[in-house]
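Spelled out from the first residue to the last, the chains are:
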Amino acid sequence: MLHIYCPYCEEYREEEEFHPHGQAHIVRPLAPESLTDEEWSQYLFFRKNPRGLHHEMWVHAAGCRKFFNMTRHTVTYKILETYKMGQQPSITAEDTQ
Amino acid sequence: MSNIVNVQSPLYHADFESLASVTKEGGVSLREAKLLGHLNLRGNSDSPEFKNGVEKALGLTLPLTPCTSLQNDDATIMWLSPDEWLIIVEGGQEATVEETLRANITGHFAVSDISGGQTILEISGPDCIKVMQKSTGYDFHLKQFPVGKVIGTAFAKSSTYIRRTSYDSFQLVVRRSFADYFWLWLQQSSKEYGLRITL
Ligand SMILES: [Zn+2]
């Protein structure tokens, strides 16, 4: 069972209260109608699948029901940080190389 | 056609009135705080109009510290999330309180009467902490879970808000459709300590 720090409830909670929601920091194109099919499909369907640090979105489903971001290692499952929506990660893959 | 609506608690079928007269002993006491007024409030806590409006309407400060609650004689307000609160008032007062909130808050906010959608179970007694510990993974030590704290968590796999009202008493805010499930769960998990129904 993972212990996850909710940046909104400001405490650690059990994994059972959370759901993962995929890759974080995906920006919705401001003018989708001006995109090519390839650009639109990149936005809709293509996701990173790194071996190592990954920035993900999670939701505190049984708690405050807020989405937040997490930097997690996909091999060790180690959670390096969680941070609020709109914030940037303080740890990135480049830092650890 | 009659205009009178008979409001029923989601646990009316459990007949707590009869059970209260036959269950006199037990380490766990259960009471339904039924048919109270539940108002869901949403707004931006950074906005002074919102914060001051709520304060003026309820005579209570808006709790901004995560997982805290405040109460006076008329209302309890629980922090649910950075922009969401639950206000509990006496049953029948919810429409008036909703109006008062609307009259006092300006700007962008939402207040919804959800009284019919949920109920409150009050669990207390010397063994109630053991029942709580069986049902959720949260730490019930007073240091982690002081009196007045309210947490949204999974209780017996269903989402609920738990508020500690004293060392050994808790309120569970449960959804109406889950009330019977909670009732069954609490009977089962308190069996070994004895369950007493109070009114
Ligand atoms: Zn949370």
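No experiment lies behind these values; they were computed from the predicted model shown. (Residues numbered from 1 in each chain as written. Chains lettered and ligands numbered in written order. Predicted model: local features only at pLDDT ≥ 70, side-chain atom pairs only at ≥ 80, totals over all residues. Heavy atoms only, no water.)

(A) Structural view of the interface of chain A and chain B. Contacts between the two partners involve 13 residues from chain A and, on the opposite side, 20 residues from chain B. Interface area, chain A with chain B, both sides summed: about 1,200 Å², of which 44% is carbon and sulfur. Joining chain A to chain B, the criterion identifies four salt bridges. Across the pair B:Asp83 and A:Lys66 runs a salt bridge whose closest N-O atoms are separated by 2.8 Å. If you look at where chain A meets chain B, you find nine residue pairs in polar contact (both at pLDDT 80 or more). Classifying every residue of the side of chain A that touches chain B by side-chain character gives four nonpolar, one polar and eight charged. (Contact = heavy atoms within 4.5 Å. Buried area = accessible area lost by both parts, 1.4 Å probe. Salt bridge = Lys/Arg side-chain N within 4 Å of Asp/Glu carboxyl O. Polar contact = N/O pair within 3.5 Å; in protein donor to acceptor, adjacent residues only side chain to side chain. Nonpolar A, V, L, I, M, F, W, Y, C, P; charged D, E, K, R; others polar.)

(B) Representation of the pattern of salt bridges within the structure. All names here are of chain B. Enumeration over the complete set of coordinates arrives at 13 salt bridges over all chains. Here Lys134 ties to Glu192 by a salt bridge, and the two come within 2.8 Å at their closest N and O atoms. Separated by 58 residues along the polypeptide, Lys134 in helix 4 (residues 128-135) and Glu192 in the loop between helix 5 (179-189) and strand 11 (195-197) bring together distant segments of the chain. Here Lys134 falls in the partly exposed class, since its relative accessible area comes to 38%. (Helix = DSSP H or I, 4+ residues; strand = E, 2+ residues; numbered from the N terminus. Buried < 20%, exposed > 50% of the residue type's maximum accessible area, 1.4 Å probe, protein only.)

(C) The arrangement of unusual backbone geometry in detail. At A:Tyr77, a residue that is not glycine, the phi angle is positive and equals roughly 70°. Looking at the element boundaries, A:Tyr77 is found in the loop between strand 5 (67-73) and strand 6 (79-84). Although it is not a glycine, B:Cys67 adopts a positive phi angle of roughly 65°. You can see B:Cys67 is positioned in the loop between helix 2 (48-58) and strand 3 (69-71). With a relative accessible area of 4%, B:Cys67 lands in the buried category.

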